[in-house]
Amino acid sequence: MPKINVLPKSIAELIAAGEVVERPASIVKEAVENSIDAGATHITIEIQRGGITYIRITDNGCGIANDDVPKAFLRHATSKIEKAVDLDSISTLGFRGEALAATSAVSRVEMFTKTIDEDFGTHYKIEGGEEVLYEEVGCPDGTTLIVRDLFYNTPARMKFLKKDVSEGTTVSAIIERQALSHHEIAFKLIRDGKQTLATSGDGKLSSAVYSVLGREISNTLIPVNLTLDGVKVTGLVCKPVSCRASRAYQFTFLNGRYVQSGTITAATEQAYKNSAMVGKFPVFVLGVEIPFETVDVNVHPAKTQVRFSDEKRVFTAVYNAVKNAILSGDTRPEIAVTPPKNNTFLHMTAEQYRQTAVKLPVQETKPQPKVEVEPEPKAEPVRLKADNTPFFLRDEFKPNVPEKKTVVDIVKEEPVQEVLKSEPIRHEVKVEEKEYSPKEEIKLIGEAFNTYIVAQKGDSIFMIDKHAAHERILFNKLKENHVIESQSLLVPVTVKLIGDEYTAMINNVSLLSEYGFEVEDFGNESVLVRAIPSMLSKEDAEGIIVEAAHSLVQKGNVDLERIDDILHTVACKAAIKAGYITSDIERLNLAIKVLSDNDIMYCPHGRPVAFEIKKYNLEKYFGRIQ
Ligand code: ADP
Ligand code: MG
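First, a word on what this report is: a plain description of the structure on this page.

The rules we used
- Residues numbered from 1 in each chain as written.
- Chains lettered and ligands numbered in written order.
- Predicted model: local features only at pLDDT ≥ 70, side-chain atom pairs only at ≥ 80, totals over all residues.
- Heavy atoms only, no water.
- Helix = DSSP H or I, 4+ residues; strand = E, 2+ residues; numbered from the N terminus.
- Buried < 20%, exposed > 50% of the residue type's maximum accessible area, 1.4 Å probe, protein only.
- Contact = heavy atoms within 4.5 Å.
- Areas by Shrake-Rupley, 256 points an atom, 1.4 Å probe, with all protein chains shown as cover.
- Pairing = 2+ DSSP bridges.
- Near = heavy atom within 4 Å.
- Polar contact = N/O pair within 3.5 Å; in protein donor to acceptor, adjacent residues only side chain to side chain.
- 1 Å grid on protein atoms, 1.4 Å probe; cavity = no way out; pocket = protein on both sides within 12 Å on 5 of 7 lines; lining within 4 Å.
- Sits in = over half its atoms within 2 Å of the grid points.
- Nonpolar A, V, L, I, M, F, W, Y, C, P; charged D, E, K, R; others polar.
- Axes fitted to C-alpha atoms, helices over the stretch in contact; angles between N-to-C directions.
- Parallel < 35°, antiparallel > 145°, perpendicular 65-115°, else oblique.
- Left-handed = near helix turned anticlockwise from the far one by under 90°.
- Salt bridge = Lys/Arg side-chain N within 4 Å of Asp/Glu carboxyl O.

Before going further, it helps to spend a moment on the overall build of the chain. Within the chain, the regular secondary structure consists of 21 helices and 22 strands. Burial statistics for the chain: of 626 residues in total, 46% are counted as buried. Partitioning the intrachain contacts of the chain with sequence separation of at least 6 by distance along the chain shows that 70% fall at a separation of at least 24. Carbon and sulfur atoms provide 53% of the accessible area of the chain, an area that totals close to 32800 Å².

This is the structure we're talking about:
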């Protein structure tokens, strides 16, 4: 029988310390949290060798009174809570009363501290949990904590530390999070004698983000600010087009504490769905504030995990806050036009130019290709809808105008064939402002490569990918209406599927029927398609069933995603393709739709629908302005 021993205090302390102090970064995190709780406005952190040999944290907070100093290093000694009920609404970062005890158990600790009411401060030293010095000293208000030789008395733990550089990087990451979550505090980090981070502490999140994440990222961010149902969400998120390949730039703060919350991350990412490219992740720095009693932070010693009493409320608030931000800002990607380098012509007078031009080698002139005027419908015919409505008369090409005389009505007055044959249609089709109410007139410039519509609005030119735009418009409409008109196929089509896809299709027959598909099991891994949404052409039946089956397998159990995917597929198939011939009136109407609706920024797969070139940038490029 092994004998049972009650461990001496010193060993018990070492075991307890293990939970709190894993590496230098854990000490830094706890100490900086203490400085924040002490109301500091300036915190300086210095580390050497990744913090393994030396950590110093200096703050200008409230300090510790002389007779309280030794107490602060005892386990479960804290000034932040008194009674068990205090645990139910924790407003400070610390509360467990363990950090100083744990740190001093596994290192050599020295503290200088002074409160504003004392004439003298306190100098205290404690090594491996044993007090070695306790004296009065002259020092500034606030606290300086110095931690040397981490794990000097527990060599086994020392072995688990990584290289100095990695430990140092982990410390940096901790400080970055703290600087982002407390932008009212000026942080300074010094690594091996070099200052590697400094924030101004001016109270603006954007300043902290600029210092921590750099200019490139901070330029892509848009503000978030919404309070919903008692949950306040503020911060900055990136434009959908600036999403990144990893989640490295996601920061969540709950009541001022950095946390890792699946709920908040999922809500944010969900808000980007259908706007960001698949496989890309948003950059965000989000602060969520909720009543202290609705969250439990006492789940894990590191306090980065939290539990909400009402997850759904938090999810809904974050989702809506982020979604609003994405939709309200003008988040279209913009091309920055930089003037060509070394363009000496830019600075020449007309006289200088003429003289220089004369000296330039003469370019060999190649025979000029003959410029042919393209007759309107050429390569492919205008696609007709099942009910034979010409493509451009379809609803989605109408601006959002109730009744009255609209652009489309004007066109309808002309015989359709006329429009198709006619000379290039005159551009000044009047779209009266009050009827669809875009703030500035939208003018069609033309179309490049039968793919990109070029339009002008206010002081900008927009290039619009017509397939992506049309796909997005259809998708939004489908999502809004929920009812999709169906058309029966005169001759049902048999579609052969494989394994999983066949099973998924059969299992979702009733879901598909809500979206205009009538599909039956035909045995032998095939299905019989009797009807498809009427916005699709009949030739698409087989292709769309195969695609739908494929996405059903991919999106297996998430209902919302399965439906979205079906709608994507329908929208994509029904949308006009790049390369198709479109008439001017269609182009104009599509441009109006896109430029008047902030929800048409990205196609459902997350590709951008339009990008903007500002007049200002063109003028810069051409040297009209400097
Ligand atoms: P906790 O933060 O959970 O209370 P700690 O062990 O981190 O426990 O600190 C113990 C106590 O020491 C704190 O409650 C606080 O009163 C005091 N303290 C620690 N660091 C500081 C500081 N930088 N400034 C003022 N007081 C501090
Ligand atoms: Mg603490």
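Quick look at the pairing of strand β20 (residues 518–521) now. With four bridges joining them, β20 and strand β21 (residues 526–533) adopt antiparallel strand pairing. Each bridged residue has a counterpart across the sheet, and for E518 the counterpart in β21 is A531. Taken together, β20 and the strand that follows it, β21, pair antiparallel across an intervening segment of four residues, in which G523 is found at a positive phi of about 75°.

Here we take up the site of ligand 1. The full set close to ligand 1 counts 19 residues, and N34, T78, S79, K80 and G97 are the nearest of them. In the environment of ligand 1, an oxygen atom lies 2.8 Å from a nitrogen or oxygen atom belonging to the side chain of N34. Protein contact buries 92% of the 530 Å² of open area that ligand 1 shows by itself. Applying the majority rule of atoms within 2 Å of the grid points places ligand 1 in the largest pocket. When residues of the shell around ligand 1 are traced back to their parent elements, those giving at least two are α2 (24–37) and α4 (99–105). Class assignment of the residues belonging to the shell around ligand 1 gives a composition of seven nonpolar, eight polar and four charged.

Let us now look at the packing of α2 against helix α6 (residues 164–181). What describes two packed helices is the angle between their axes and the distance between those same axes. The interhelical angle for the contact between α2 and α6, taken along N-to-C directions, is 25°, at an axis separation of 8 Å. Judged on the interaxial angle alone, α6 and α2 are roughly parallel. Where α2 crosses over α6, the two elements pack in a sense that is right-handed. Between α2, through P24, A25, V28, K29, V32 and E33, and α6, the contact on the second element is made entirely by E167, T170, V171, I174, I175 and Q178. Looking at the contact of α2 with α6 residue by residue, the classes come out as seven nonpolar, two polar and three charged.

Note that Q487 resides in strand β19 (residues 486–496). From its side chain, Q487 meets the backbone oxygen of P533 in a polar contact 3.2 Å long.

Glancing now at the pattern of salt bridges. Tallied over the entire structure, the rule returns 19 salt bridges. Across the salt bridge formed by E520 and R530, the nearest N and O atoms sit 2.5 Å from each other. Separated by ten residues along the polypeptide, E520 in strand β20 and R530 in strand β21 bring together distant segments of the chain. Residue E520 is classed as partly exposed on the basis of its relative accessible area of 35%. Note on R530: relative accessible area 32%, which makes it partly exposed. Residues joined by salt bridges that share partners form a network here, namely E447, K466, D584 and R587.

As a further point, take the environment of S486. Along the chain, S486 turns up in strand β19. A relative accessible area of 42% places S486 in the partly exposed class. For the pair S486 and A531, spaced 45 residues apart in sequence, the C-alpha to C-alpha distance is 6.4 Å. When sequence neighbours within four positions are dropped, the list of residues in contact with S486 reads G516, A531, I532, P533 and S534.

Let us look at the sheet that holds strand β3 (residues 108–114). Sheet architecture is open: eight strands sit in the order β5-β4-β3-β6-β2-β1-β7-β8, paired in mixed fashion. Of all strands in the sheet, those bounded by a partner on one side alone are β5 (130–137) and β8 (194–198). In this sheet, adjacent strand axes meet at a mean angle of 10° when their direction is disregarded. The pairing of strand β4 (residues 121–127) with β5 spans seven bridges and is classified as antiparallel. If you follow H123 over to β5, its bridge partner there is E135. Across the face of the sheet, α2 comes into contact with β1 (42–48), β2 (54–59), β6 (142–148) and β7 (186–191) while running at roughly 10° to β2. α6 rests against β1, β7 and β8 of the sheet, and its axis sits at about 175° to β7.

On to the environment of A448, then. The residue A448 is located in strand β16 (residues 442–448) in this model. Note on A448: relative accessible area 22%, which makes it partly exposed.

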